[in-house]
Amino acid sequence: MRELHKQGDSRTSRLDQLLTTQLNGEATRADSEELNRLLQSEPGAIADYVELVTDSSVLRGLSEAALFCATPKSDNESNTEESLALLDRSLRTRLYERVPLAYMATAACILLAVVLLLSRSNTGSPEFAGSNPNDEPAVSGEGKSRVVSTTTVNDEIATVLREDDVVWAKDNVDIGELSRVSVGDTLHLSSGEIELVFDRSVRMRVRGPALLELRSDTMVYSRFGVLSARVGEAGRGFTIETPNGRIVDLGTEFGVAVDEKGSTDVAVFMGAVDLTIGPQDNLRKPRVIRRLVQGQALTLDVDGSMRRLVSYDDSQFPTFRNELPVDSDRPSSIFTNVSDNIRDGIDAKSYRIVPGGLREDALAYVDRQHQWNGIDSEGIPKILYGADYIMPFNADKGRPTLNVEVSLGRPSRLFVFMSTIAKVPKWLSDDFTKTDMRIGLDESGEYALVDGYRLATGPGKAIDTEFYVWQRDVEFPDTVMLGSVRQARRGTGYCMYGIAAVPLEVARHYDVLSD
């Protein structure tokens with residue numbers, strides 16, 4: 001993104017705010033009218049608006065909006081997905097070819113009209129994708145085959161792939177590895193973890209204490225416990241019911257944690273889910289609350305309310321990421337919480353804390369598939385390898401008023417990774433020291449404006465952006481405030497900063513060995 005003139009900073013900030021509310025479906029009529037007035041009255045507003053549209057965070061919003069409308073419900077509605085796809089391709093092509101501003105403004109106005117239409121349609125009405133007022137079987141995929149359960153009680157539907165330190169409850173028959181389980185079976189774990197592979201292309205990890213009922217080959221009921229699911233194309237529509245809600249998969253990877261009182265946490269690691277809320281006796285005609293996409297998480301309380309899960313630790317869910325011997329089964333002793341100043345209780349974006357997870361090909365952001373890697377064959381700097389780290393939102397790189405609060409539970413060396421084309425902010429230069437270390441980012445390209453971004457495996461491969469490593473020693477448990485970031489010059493690779501930390505005693509031991 002180009003640098004915007006100082007006199008336009010306040011205007012651009014307001015444009016960003018208005019555009020964000022539109023894409024999130026939260027804009028009021030007054031917000032829409034203000035946006036139109038701003039575009040028509042300010043000579044440079046359209047150019048700044050187009051600049052914001054070209055930012056990948058906005059393209060992500062478009063993709064989420066398209067996904068919102070993509071689940072087909074009738075022949076007429078199926079055209080919506082095609083229209084959005086054509087608009088997305090058209091906009092990307094025009095941006096890449098750098099056509100004159102007049103054409104860019106036209107594309108921006110078309111985009112605005114689509115966004116306004118989408119924001120009006122996101123009302124939780126019965127026609128919303130995921131609701132099923134006629135109690136018809138859920139449709140899976142994008143106009144493809146329906147996910148319809150044809151199983152009956154005692155039909156085998158899944159295999160217990162592995163067990164880790166499992167203790168079965170007294171009312172549950174011990175089930176060994178590679179055993180088959182059937183519709184009607186109840187899995188009651190006192191402790192430990194099992195992994196199930198369903199015949200319908202669903203892989204699930206369940207952590208005890210947990211009580212899981214297998215209701216069909218497309219549905220399970222979690223009375224309490226923690227689980228994660230990875231769903232393939234054939235399993236789209238797989239459903240997890242809880243005491244106060246229902247999670248319907250749309251081709252994704254997600255986690256669900258239900259406590260013994262019935263409160264439910266839902267976090268989406270990749271893809272999307274439809275989330276409904278209501279007691280079990282009212283789920284035949286559930287009310288669709290919202291669609292959650294990658295990087296979002298919510299808590300459904302027992303009273304029927306929902307709230308943002310601001311941050312979560314990988315230990316809270318048995319995730320499928322970083323399937324190396326990392327310490328993901330224990331909470332981070334370093335990062336105890338992460339929060340920011342730009343989201344209220346309605347926003348669902350959630351920071352992810354990964355204990356011991358900074359390794360080659362580790363995911364960098366909750367809203368992208370970008371990966372951290374060493375910049376060459378020597379790999380990630382030794383002091384950083386195996387560090388606890390935080391996955392922030394890459395889309396936050398464009399928020400000028402951002403403040404991120406990082407709570408540290410022990411003396412630590414805190415690291416910030418800042419892109420080489422980013423302007424060094426005052427909060428960083430004042431409180432941190434620049435080191436000689438660098439780390440690389442392998443960008444996935446799912447929201448890139450040009451082709452050519454491909455993920456690779458291992459250090460020094462397909463590195464698209466390099467980051468300087470800054471550090472700060474925090475002598476006591478404390479909360480550290482991090483600020484916003486701005487682009488210093490034109491070019492690709494402008495991304496949100498990364499955050500990592502190691503115990504201070506480990507860092508100082510490393511310093512001694514390095515001298």
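## So, the overall build of the protein
Alright, step 1. Across its full length, the protein carries eight helices and 27 strands.
Alright, step 2. Burial statistics for the protein: of 515 residues in total, 55% are counted as buried.
Alright, step 3. Across the protein, contacts joining residues at least 24 apart in sequence account for 68% of those joining residues at least 6 apart.
Alright, step 4. Of the accessible surface of the protein, which amounts to about 22,900 Å², a share of 49% is contributed by carbon and sulfur atoms.

## Comments concerning the sheet that holds strand β15 (residues 335-340)
Alright, step 1. Pairing within the open sheet is antiparallel, and its three strands lie in the order β15-β20-β25. Pairing within the sheet leaves two strands with one partner each, and these edge strands are β15 and β25 (478-482). Adjacent strand axes in the sheet meet at a mean angle of 20 degrees when their direction is disregarded.
Alright, step 2. Of the pairings in the sheet, the one linking strand β20 (residues 404-408) to β25 comprises five bridges and is antiparallel in character. Directly across from S407, in β25, lies its bridge partner T479.

## A closer look at the packing of aromatic side chains
Alright, step 1. For the structure shown, the criterion picks out ten aromatic pairs.
Alright, step 2. When the ring of F198 is compared with that of F238, the centres are 5.2 Å apart and the planes differ by 65 degrees; the resulting orientation is edge-to-face. Taken together, the residues F198 in strand β3 (residues 186-198) and F238 in the loop between β5 (219-231) and β6 (239-242) connect sequence positions 40 residues apart. For the pair formed by F198 and F238, the shared burial category is buried.
Alright, step 3. Aromatic rings pair up to connect Y365, W372, F417 and F467 into one cluster.
Alright, step 4. In this structure, K349 is placed above the aromatic ring of F393, and the distance from its NZ or CZ to the ring centre is 5.6 Å.

## Re the environment of F467
Alright, step 1. Considering the arrangement of structural elements, one finds F467 in strand β24 (residues 465-474).
Alright, step 2. Residue F467 is classed as buried on the basis of its relative accessible area, which comes to 0%.
Alright, step 3. For the pair F467 and C495, spaced 28 residues apart in sequence, the C-alpha to C-alpha distance is 9.5 Å.
Alright, step 4. Excluding residues that lie within four positions of it along the chain, F467 makes contacts with Y365, W372, F417, M418, S419, T420, M437, R438, I439, L441, C495 and M496.

## Quick word on the nonpolar core
Where a protein is soluble and globular, its nonpolar side chains tend to be buried together.
Alright, step 1. Ranked by size, the top nonpolar core spans 54 residues in total, and within it F335, W372, F417, L482 and Y497 carry the most contacts.
Alright, step 2. Counting residues per element, this core draws most heavily on strand β21 (residues 412-419), which supplies five residues.
Alright, step 3. Membership of the second largest hydrophobic core comes to 38 residues, among which are I175, A210, L275 and I277.

## Quick notes on the pairing of β5
Working note: regular strand, side chains alternate between the two faces of the sheet.
Alright, step 1. Of all 13 residues making up β5, ten are buried, and the element is well covered by its neighbours.
Alright, step 2. The turn linking strand β4 (residues 202-216) back onto β5 is made up of two residues.
Alright, step 3. The pairing of β5 with strand β8 (residues 253-258) spans six bridges and is classified as antiparallel. The partner of G225 across the bridge, within β8, is V258.

## Points about the sheet that holds β21
Alright, step 1. Strand order across the open sheet formed by nine strands is β14-β16-β19-β27-β21-β24-β23-β18-β17, with mixed pairing between neighbours. The strands lining the two open edges of the sheet, one partner per strand, are β14 (311-313) and β17 (362-363).
Alright, step 2. Bridge count between strand β18 (residues 371-373) and strand β23 (residues 433-442): three bridges; the pairing is antiparallel. If you follow N373 over to β23, its bridge partner there is G440.
Alright, step 3. Across the face of the sheet, helix α8 (residues 504-514) comes into contact with β21, β24 and β27 (498-503) while running at roughly 85 degrees to β27.

## Quick word on unusual backbone geometry
Alright, step 1. Cis geometry is adopted by the peptide bond preceding P209, which originates at G208 and carries an omega value of 0 degrees.
Alright, step 2. Inspection of the secondary structure assignment puts P209 in strand β4.
Alright, step 3. Even without being glycine, D361 reaches a positive phi, approximately 70 degrees.

## Observations concerning the confidence of the model for the protein
Alright, step 1. Looking at the protein as a whole, the pLDDT averages 76, with 65% of positions reaching at least 70.
Alright, step 2. Element-level pLDDT for the protein is lowest in helix α4 (residues 56-70), with a mean of 38, against a maximum mean of 98 in β27.
Alright, step 3. A low-confidence stretch, residues 1-8 stays under pLDDT 50, and its non-local contacts, those more than four residues away or across chains, total 16 contacts.
Alright, step 4. Across residues 50-149, confidence stays below pLDDT 50; counting only partners more than four residues off in sequence or on other chains, it has 147 contacts.

## Examining a nonpolar patch on the surface
Alright, step 1. Taken together, the side chains of L161, L178 and V197 define a hydrophobic patch exposed on the protein surface, amounting to about 270 Å² of accessible area.
Alright, step 2. The topology assignment puts L178 in the loop between β1 (156-168) and β2 (180-182).

## As for the pairing of strand β9 (residues 264-270)
Alright, step 1. Here β9 lies mainly inside the structure; six of its seven residues are buried.
Alright, step 2. Looking at chain direction, β8 and β9 are connected through six bridges and run antiparallel. Counterpart to F254 in the pairing with β9 is V268.
Alright, step 3. Between β8 and the antiparallel strand that follows it, β9, lie five residues; G262 among them carries a positive phi value of about 105 degrees.

## Structural notes on the pattern of salt bridges
Alright, step 1. Summed over the entire model, instances satisfying the criterion amount to 28 salt bridges.
Alright, step 2. Its salt-bridge partner being R368, residue D367 comes within 3.5 Å of it at the nearest N-O pair.
Alright, step 3. For D367, a relative accessible area of 1% gives the class buried.
Alright, step 4. When its relative accessible area of 1% is taken as the criterion, R368 is described as buried.
Alright, step 5. Of the charged contacts, one joins R413 and D511 as a salt bridge, the two residues approaching to 2.7 Å between their closest N and O atoms. One end of the pair, R413, is in strand β21; the other, D511, is in helix α8, and 98 residues separate them in sequence.
Alright, step 6. One connected set of salt bridges, linked through shared partners, spans R162, D164, E193, E195, R203, R205 and R207.

The rules we used
Throughout this description, residue numbers start from 1 for each chain and increase along the sequence as written. Whole-chain, interface and lining totals are the exception, using all residues; otherwise, since this is a predicted model, local features are given only for residues with pLDDT of at least 70 and side-chain atom pairs are given and counted only at 80 or more. With hydrogens and water stripped out, all remaining heavy atoms of the structure feed into the side-chain values. In this description a helix means any DSSP run of H or I spanning at least four residues, a strand means any run of E spanning at least two, and both kinds are numbered starting from the N terminus. Per-residue accessibility, obtained with a 1.4 Å probe over protein chains only, is compared with the maximum for each type, and a residue is labelled buried under 20%, exposed over 50%, and partly exposed between these values. Contact between two residues is taken to exist if any of their heavy atoms lie within 4.5 Å; hydrogens are not considered. Surface exposure here means Shrake-Rupley accessible area, sampled with a 1.4 Å probe, where a residue is shielded only by the protein chains that are shown. One requirement defines pairing of two strands: DSSP has to find at least two bridges between them. In this analysis an axis means a line fitted to C-alpha atoms, helices contributing only their contacting stretch, and an angle means the value between N-to-C directions, from 0 to 180 degrees. What counts as a ring pair is set by centres within 6.5 Å for rings of Phe, Tyr and Trp (its six-membered ring), and what kind of pair is set by the plane angle: stacked under 30 degrees, edge-to-face over 60, tilted for all other angles. Note on criteria: charge over ring means Lys NZ or Arg CZ within 6 Å of the ring centre, with the direction from the centre no more than 35 degrees off the ring normal. Residues belong to a common nonpolar core when they are buried Ala, Val, Leu, Ile, Met, Phe, Trp, Tyr or Cys residues joined through side-chain atoms within 4.5 Å. pLDDT is a residue-level measure of predictor confidence that goes from 0 to 100. Candidate patch residues must exceed 30% relative accessible area and have no salt bridge, after which like charges are joined if within 9 Å and Val, Leu, Ile, Met, Phe, Trp or Tyr side chains if within 5 Å. For this document, the term salt bridge refers to a Lys or Arg side-chain nitrogen within 4 Å of an Asp or Glu carboxyl oxygen.

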